[in-house]
Structure formats: structure tokens, C-alpha cells
Amino acid sequence: MTEIAKGVLGGAWGLVVGWIVPTTVNLALLVVFLLPSLQGLPLIARLAELAQGRAAVAFLVGALLLGLVSSALQTPLYRILTGYLLWPGSLYESRVRWHSERRGILDDRLQRLRLEARAARRPLPPAAAADMSRLRDERRVARHFARDSRRSSPRRALLQEHLDRYPRDPRQISPTSLGNAIRRLEVEPYERFRIDLTALWDELTAVAPEQAVRQVDTARTSVNFFVCMLYGHVGVILCAAVAAASPGKDLLVVVTTAVSLCVLLPVWYRCAVTSTDAWHCAVRSLVNVGRKPLAAALHLTLPSRLADEREMWDLVCHLSRSAYEGGPSPLDRFRSTVDPPSGSGG
């Protein structure tokens, strides 16, 4: 049934599930729990009068419009949560330092566990022994070791997942957990193949296999859902604050609703961060299987050596970001003399 619905909705599936459905949920919370306390406000009273007799239609239209607006504003909404918009400079820098330290501690904790396991089997080489001695003397790592050493393999894998949600390059660290989780999937293709997704995203999704592109859309839809739920809860909480300041008899309901939604805010945020794991895997798959058809579509021959391929994509990204300067180009040696096959996008 889900696949049938996806087939019917087509490209609108991500819009409906990612933005309209959570908006509908939040609007329902507003109507059920807060509307009686807000009806004393002139604007709300006027809207209720206009919707009289057509409440269901007004509710659906409102949910649809708010969902479309949220989808249109998703870029600034994401940038606020990732720390790129409306963040004071001092707060931005302090949170970057905090996440950099946290990433370093996670890395050291896992490294010590691996070294201790190796040392239990055989003597360590001098370099590894020096690393283990340093980690044993590191107080921030030592205070976690007793607990980490008792962790089962699945729980250690969860610790590795937390580390994997950070970019490998410390210079790419963002001030929020969601920002770091998204940043790692943006920079990983460049670290591996020198493919800048910012420069080549449209070309890559135009020629990559349809299934790979669909997986990316589906994975991002889950993140969109939780982000929209979070922002919707914030909107309902603000309405609850207005309702609490207005004369009414449902103050207990209003306060309970606001407190419950405040408790859920970090839950939705954590769910959004966790959902980026599937998004990351989908983007990695898209790049892995889409590089060859992208090269063919750009009339390039994919080199057999990885070092040469990295050089080629670096030149392609540079050409996409800057104007052509004329004359011979280092990219010429990767140009193909064979026309790309039609329908190379799968």
C-alpha cells in the first residue's frame, strides 16, 4: 500500500510526508488544545467566524498552506538548526570548540579500546604503545574507560556511530549536532573523490540511477519530518504563551500542552540527527554509482587510477565554480572522443 501511495504521489511524496503531515499534526494540537483559549482574541474570533460550517475544509487548507510554506522555507529553517543563520559569532565559536573537543574525546575513547584489545593479544609496537600510554594519562579519556570497557560490541558500535556523525576534517566542524551530521555527508564525496556536491549536485542527480536518487529523497524526507515537527511544536508553544496571557478558563490545559511539547523538542531534534545516518548512506551510494554516468554525460573518461580520478573531478568542480579562462586545460586529457550513451541516467 505504501508503494502504491508513493507511485500515485510521485515527486510529491517527500513534500506530503516531510512537511504537510507534521504540519497537520501540529495544527491539530493547536486546534484541539489551544483554540478554546485563543477564541477571545479578535483575529482568532474572526477566523473562526469565517470558517463556521466549513471547519474541516478550513483545517485541511490551513495545513496544506502551512506545509507548503514550511517546505519553501526549508533552507533557512535548516540553517538555523545547523548554526549558519541567526547565531551570534561568540556562541558559534564556543559551540564549535565544544563539538571539536567532544569529537576528539570520542575518537580517543575508541582508539584506547582498540589499543587495549590489541595489547591483550600481543605486545604493541613502540608507536602504538606510546599512543596507549598517552591515552591512559589523558584524564578526559580515563574517566570513561571503566564504563567503555564494560560495553558490549553493539554498544561500542553506537559509540562509533556518534563519532561517525562528525566530519573527519576538524576544520569542517559545525556548532550543532545536526549541522555536523549533515556536514559529514556534504564533505565526504570531496574527501574521497574530490567531488564537490555543491557544484555538481544537479548534474549528478540528473544522470544517476533513478533508484539511487529516490533513496536520497526518501532518506531526507525522514529528516524533514522531524525538523518540521520541531518547528511546528515551537509555533504551538508560542501560541500557548499567548493563550496563557489571555483571559480564559483552560489555563491548565494550555500549560500542560506547552510543557509536554517542550519535553518533545529535544526528542524530535535527536530523531532528526539520527535520521541523517540513512541520508548519509544514500548520498554515499548516489556518488559511488553516479560517478561513471556523470563522467560519461560530461564527455569525460573515468580514469582507472583513483588519484587520476580525484584530479579529474577537482578540475571539473573548479570549472563549474569559475569562468573558463581559454587556452589548453588540464581537463583536456580526460576528455572522451566517444559520445555518451543515451539514457545514461538509468
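Computed from a predicted model, the values in this text were never measured in an experiment.

Undergrad: Whenever I open this one, the environment of Val 25 confuses me. Can you help?
TA: Mapped onto the elements of the fold, Val 25 is located in helix α2 (residues 13-38). Under the relative-accessibility criterion, Val 25 is labelled partly exposed at 36%. When the C-alpha positions of Val 25 and His 233 are compared, they lie 9.5 Å apart, and in sequence the two are 208 residues distant.

Undergrad: Which parts of the structure should I look at to understand helix α11 (residues 197-207)?
TA: The periodicity of an α-helix, 3.6 residues per turn, causes residues three or four positions apart to be oriented the same way. Those residues of α11 that fall on the buried side of the exposure criterion are Leu 197, Ala 199, Leu 200, Leu 204 and Val 207. Here the buried residues of α11 occupy an arc of 125 degrees about the axis, which is enough to place them on one side. Away from its buried face, by an angle of more than 90 degrees, α11 presents the exposed residues Thr 198, Asp 202 and Ala 206. Elements in contact with the buried residues of α11: α10 (177-193), α13 (251-297) and α14 (306-321). Capping the start of α11, Asp 196 holds a side-chain oxygen 3.0 Å from the backbone nitrogen of Thr 198, two or three residues further along.

Undergrad: Help me understand the nonpolar core, please; the structure alone is not making it clear to me.
TA: Grouped burial of nonpolar side chains is what soluble globular proteins tend to show. Leu 178, Leu 200, Val 227, Trp 279 and Trp 313 are the most contacted members of the largest nonpolar core, which has 54 residues in total. Within the residue set of this core, elements represented by two or more residues are α2, α5 (74-82), α10, α11, α12 (210-245), α13 and α14. With 15 residues, the single largest contributor to this core is α13. When residues no more than four places from it in sequence are discounted, the contact partners of Leu 178 are Leu 81, Thr 82, Val 227, Tyr 269, Ala 272, Val 273 and Thr 276.

Undergrad: Explain the packing of α12 against α13 here, please?
TA: When two helices pack together, their arrangement is given by the angle between the helix axes and by the axis-to-axis distance. At a closest axis distance of 7 Å, the pairing of α12 and α13 adopts a crossing angle of 165 degrees. In terms of orientation, α12 lies roughly antiparallel with respect to α13. Here α12 and α13 pass one another in a crossing that is left-handed. The residue makeup of the contact of α12 with α13, split by class, is 32 nonpolar, 6 polar and 1 charged.

Undergrad: For this particular structure, what's the right way to read the packing of aromatic side chains?
TA: Aromatic ring pairs are described here by two measures, namely the spacing of the ring centres and the angle between the planes. Summed over all chains, the structure comprises 2 aromatic pairs. Ring centres of Phe 225 and Phe 226 lie 5.4 Å apart, and the angle between their planes is 85 degrees; this geometry places the pair in the edge-to-face category. By relative accessible area, which is 17% here, Phe 226 ends up buried. Relative to Trp 268, the ring of Phe 226 has its centre 5.9 Å away and its plane inclined at 25 degrees; by these criteria the two rings are stacked. With Phe 226 in helix α12 and Trp 268 in helix α13, this pair connects stretches of sequence that are 42 residues apart. Assigned by exposure class, Phe 226 and Trp 268 land together as buried. Here the aromatic cluster, defined as three or more aromatic residues joined through ring pairs, consists of Phe 225, Phe 226 and Trp 268. If you follow Arg 95 out to its NZ or CZ, it ends over the ring of Trp 98, 4.7 Å from the centre. The ring of Tyr 78 has Arg 220 lying over it, and the distance from NZ or CZ to the ring centre is 5.1 Å.

Undergrad: Looking at this structure, I do not really get α13. What am I missing?
TA: The sharpest bend along α13 measures roughly 50 degrees and falls at Gly 290, with the proline Pro 293 sitting one to four residues further on. Following α13 by one or two positions, His 299 has its phi on the positive side, about 65 degrees.

Undergrad: Can you help me understand unusual backbone geometry in this one?
TA: A negative phi angle characterises most non-glycine residues, just as the trans form characterises most peptide bonds. Of note in the backbone geometry, Leu 86 takes a positive phi value of approximately 65 degrees without being a glycine. Within the element layout of this structure, Leu 86 appears in the loop between α5 and α6 (89-121).

Undergrad: What is the right way to read the environment of Cys 271 from this model?
TA: Looking at where Cys 271 falls in the secondary structure, it is placed in helix α13. Sequence separation of Cys 271 and Val 223 is 48 residues, and the distance between their C-alpha atoms is 7.8 Å.

Undergrad: Looking at this structure, how should I read the pattern of salt bridges?
TA: Proximity of charged atoms lets side chains of opposite charge pair with each other. By the definition in use, this model includes 18 salt bridges. A salt bridge links Asp 148 to Arg 109; its shortest N-O distance comes to 2.8 Å. Here Asp 148, found in helix α8 (residues 139-149), pairs with Arg 109, found in helix α6; they are 39 residues apart in sequence, far enough to count as distant. Where Arg 168 meets Glu 191, a salt bridge forms, and the shortest distance between an N and an O atom there is 4.0 Å. Taken together, the residues Arg 168 in the loop between α9 (153-164) and α10 and Glu 191 in helix α10 connect sequence positions 23 residues apart. Linked through salt bridges whose partners overlap, the residues forming this network are Glu 161, Arg 165, Arg 184 and Asp 277.

Undergrad: How should I be thinking about the environment of Leu 29 in this particular structure?
TA: Along the polypeptide, Leu 29 turns up in helix α2. Separated by 203 residues in sequence, Leu 29 and Gly 232 place their C-alpha atoms 9.8 Å apart. If we ignore the near neighbours within four places in the chain, the residues touching Leu 29 are Leu 34, His 233 and Leu 261.

Undergrad: Which parts of the structure should I look at to understand the packing of α11 against α13?
TA: Contact geometry of α11 with α13 gives a least axis separation of 9 Å together with a crossing angle of 80 degrees. When the axis of α11 is compared with that of α13, the two are roughly perpendicular. Judged by residue contacts, Leu 197, Leu 200, Trp 201, Glu 203, Leu 204, Thr 205 and Val 207 of α11 engage Val 283, Leu 286, Val 287, Gly 290, Arg 291, Pro 293, Leu 294 and Ala 297 from α13. Class assignment for the residues of the contact of α11 with α13 results in 11 nonpolar, 2 polar and 2 charged.

About the criteria used
Residues numbered from 1 in each chain as written. Predicted model: local features only at pLDDT ≥ 70, side-chain atom pairs only at ≥ 80, totals over all residues. Heavy atoms only, no water. Helix = DSSP H or I, 4+ residues; strand = E, 2+ residues; numbered from the N terminus. Buried < 20%, exposed > 50% of the residue type's maximum accessible area, 1.4 Å probe, protein only. Arc of directions from axis to C-beta. Contact = heavy atoms within 4.5 Å. Polar contact = N/O pair within 3.5 Å; in protein donor to acceptor, adjacent residues only side chain to side chain. Core = buried A, V, L, I, M, F, W, Y, C linked by side-chain atoms within 4.5 Å. Axes fitted to C-alpha atoms, helices over the stretch in contact; angles between N-to-C directions. Parallel < 35°, antiparallel > 145°, perpendicular 65-115°, else oblique. Left-handed = near helix turned anticlockwise from the far one by under 90°. Nonpolar A, V, L, I, M, F, W, Y, C, P; charged D, E, K, R; others polar. Phe/Tyr/Trp six-rings, centres within 6.5 Å; stacked < 30°, edge-to-face > 60°. Lys NZ or Arg CZ within 6 Å of the ring centre and 35° of its normal. Bend = angle between axes of the 7 residues up to and from the residue. Salt bridge = Lys/Arg side-chain N within 4 Å of Asp/Glu carboxyl O.

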